[in-house]
Amino acid sequence: MSEHAVSSPEITFAHPPAEGTGRIWKVFWILSVITIVELVLGFGLAKDWYGDPEKSSGLILFVKGVICILSLAKAFYIVGVFMHLGDEIKNFVMTIVVPLLLFIWFIAAFLWDGDSWKNLRNRYQEKLPAKTEQVAPAAKEHGAKD
Amino acid sequence: MSTAAVQHNTKWWAGGKSPFNASYGKVMMWYFLMSDAFTFGAFLISYGTIRFSQNYWPDPNTVFNAFPGFGHQDLPLAFVSLMTFILIFSSVTMVLAVHEGHKMNRKGVEKYMILTIIGGIGFLACQAWEWTHLLTGEHIAMLNDGSLSVVPTTVSTNPWGPAVPHESISAALQATPHDKLVEIAGTLHHGGAAHHDMSALSSAELVNMIQASSDLHVTKTGPVAFGGYFFGITGFHGFHVLSGVVINVIMWIKTRLGHFDQRGHYEMIEKAGLYWHFVDLVWVFVFLCFYLI
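Predicted, not measured: the structure shown is a model, and the values here were computed from it.

Topic: the nonpolar core
Membership of the largest hydrophobic core comes to 89 residues, with the highest contact counts inside it found for Ile269, Trp283 and Phe290 of chain B. Elements that contribute at least two residues to this core include exactly α1 (22–46), α2 (57–82) and α3 (90–100) of chain A together with α2 (24–52), α4 (78–102), α5 (106–136), α10 (225–256) and α12 (267–292) of chain B. Of the residues forming this core, the biggest block, 18 residues, is contributed by α12 of chain B. When neighbours within four sequence positions are excluded, Trp283 of chain B is seen to be in contact with Val80, Met83, Thr84, Leu87, Phe123, His237 and Tyr291 of chain B.

Okay, here's the thing in C-alpha cells:
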C-alpha cells in the first residue's frame, strides 16, 4: 500500500492492490451463471414451459419476479466489486445508496398508475360514446349514417 | 478488508482530510452516475407504465428472435445473450485494466484497455445489426382499416400485434390495394419472381399467390409505443456505450503516452472504468425490461 500513490495528501486511502485477480474472475463467473439462469428462465417464458399464459399468469409473474431479483443480484456484484463501491467508506456509500431508495416508490407508484389507467380505460371506454358523437344532435345523425 | 481498521475511529469531518477518503473526481463521477441512473430509471419506469396500461403488449421473444446468418429461424434470446456476454466480458477486461493500473503496470493497462474497446465496438456492431434488422424487417400486418400491409418496426409503426386468425385473412386481402399486394407477395417470395413481374399480375392472381404461401402469418398492428421505447432506450444506452468507447480510447492513448506514469497514479483509468461498468449495469436492466420479461 505504501508504494501505491494517491492523488492528494488529504486522501489517506486508496484501494490496496489486490493480491491477485481471483475476486474479479469469481465475480465474472457469478455474473455469467446468473445470466445463464436468467436466460433459461426467459427461454421457458418463450416456450410456455410454465403453462398456458392465460391460465398460469400467477406462476409466470413469479418467474418474472425471480428474474428481476437475479438482475438485482447482478447489479449488486457489478457495483460492489467491479466498481469497488464495497471498498469505499461507509459514509460515501450511503450518499449513493440512500437516494437510490427513491426507486422503490418510483417503480411501485408508476406501475400501479399504468395498471389503473388500463383498468379505467377498459371499464369506461365502451360505455362512453366517442366524443365526436356527443357534441350535437346533428353530429349524432351523421354518426348513425355510417 | 485490510482497510477496515483504518476506517474506524477516524474523525472524517474534523478537517485536514477528504471526508469520503476519495478524490473529488471520483466522488463526482459517482454522483454523475447516480443521476444518470435516475435518468435511465425514469425512462425504463415510463416504459413500464405504458406497458402496464396496455391490454396487449408484444412478446419480446417473437420480436427479438433473429440471429445474423440464421435467416428466419426462431431463436429467441440468442442474439441478446451474445450482446450481454460481450458487455460482461468487456467489464471484466476493464476491471483488469484498473487492477493493472493499481500495480502501475503500463503494458497491462494498455492491453486490457484495447480488449475493453474491442468489446465495446463489438457490442455497438451487434446493436447496429439488430436495429437494422428491425427497421428493415418486413412483416405482414392488418391495419386498422382492415387491409393488409408490409410494416417494419419503427418509432411510428409496430407489426407485432395479436395474430389474425387464418379464416379472416381472405377478407382482408380483398380490402388490400394492388400496390400493397405486390409488396406482400414480394416478402413471401424472396428470390422468386422479381418485383416488376409481381406488379404485372392482377389483384386476384396476387391474392391466390399470397394465400398459397405457407409462410403467411398475419398479425394486427401492435402498440406504437413499443418501437419508441425500444429505440429510445436502447439508443440512449448505445450512445452511452459509444461515449464510453471514446473515453476508453482517450484513456488508452494517454496511457500509451505515459501521462499516468508521470502523474504517479492511474486514477483516470478507475474513473473511466466506473463509467464503463455503469454502462454494463444499465444493460442488465435494459436486457431485463426489453428482452427477458
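A look at the environment of Gly42 of chain A
Counting through the fold element by element, Gly42 of chain A comes out in helix α1. Accessibility expressed as a relative area gives 0% for Gly42 of chain A, which makes it buried. In contact with Gly42 of chain A, not counting residues within four places along its chain, are Ile67 of chain A together with Asn61, Leu77 and Leu292 of chain B.

A closer look at the pairing of strand β1 (residues 139–142) of chain B
Residue and element names in this part refer to chain B. As defined by bridge partners, β1 adjoins strand β2 (residues 148–151) across 4 bridges and the pair is classed as antiparallel. Bridge pairing in β2 places His139 opposite Val151. Linking β1 back to β2 in an antiparallel pair, the connection comprises 5 residues, with Gly146 at a positive phi of about 90°. Relative to strand β3 (residues 219–220), β1 runs parallel, the two sharing 2 bridges.

Topic: the packing of aromatic side chains
Aromatic ring pairs are defined here through the distance separating the ring centres and the angle between the ring planes. According to the stated counting rule, one finds 36 aromatic pairs over all chains in the structure shown. Between Phe103 of chain A and Phe106 of chain A the ring centres are 6.0 Å apart and the planes differ by 10°, which places this aromatic pair in the stacked class. Here Phe103 of chain A and its partner Phe106 of chain A are both found in helix α4 (residues 102–124), 3 residues apart, which amounts to about one turn of the helix. Classification of Phe103 of chain A as buried rests on a relative accessible area of 17%. Residues Phe123 of chain B and Trp283 of chain B carry aromatic rings whose centres are separated by 4.9 Å and whose planes lie at 80° to one another, so their mutual orientation is edge-to-face. Of this pair, Phe123 of chain B sits in helix α5 while Trp283 of chain B sits in helix α12, and the two are 160 residues apart along the sequence. For the pair Phe123 of chain B and Trp283 of chain B, one class covers both residues: buried.

The rules behind the values
Residues numbered from 1 in each chain as written. Chains lettered and ligands numbered in written order. Predicted model: local features only at pLDDT ≥ 70, side-chain atom pairs only at ≥ 80, totals over all residues. Heavy atoms only, no water. Core = buried A, V, L, I, M, F, W, Y, C linked by side-chain atoms within 4.5 Å. Buried < 20%, exposed > 50% of the residue type's maximum accessible area, 1.4 Å probe, protein only. Helix = DSSP H or I, 4+ residues; strand = E, 2+ residues; numbered from the N terminus. Contact = heavy atoms within 4.5 Å. Pairing = 2+ DSSP bridges. Phe/Tyr/Trp six-rings, centres within 6.5 Å; stacked < 30°, edge-to-face > 60°.

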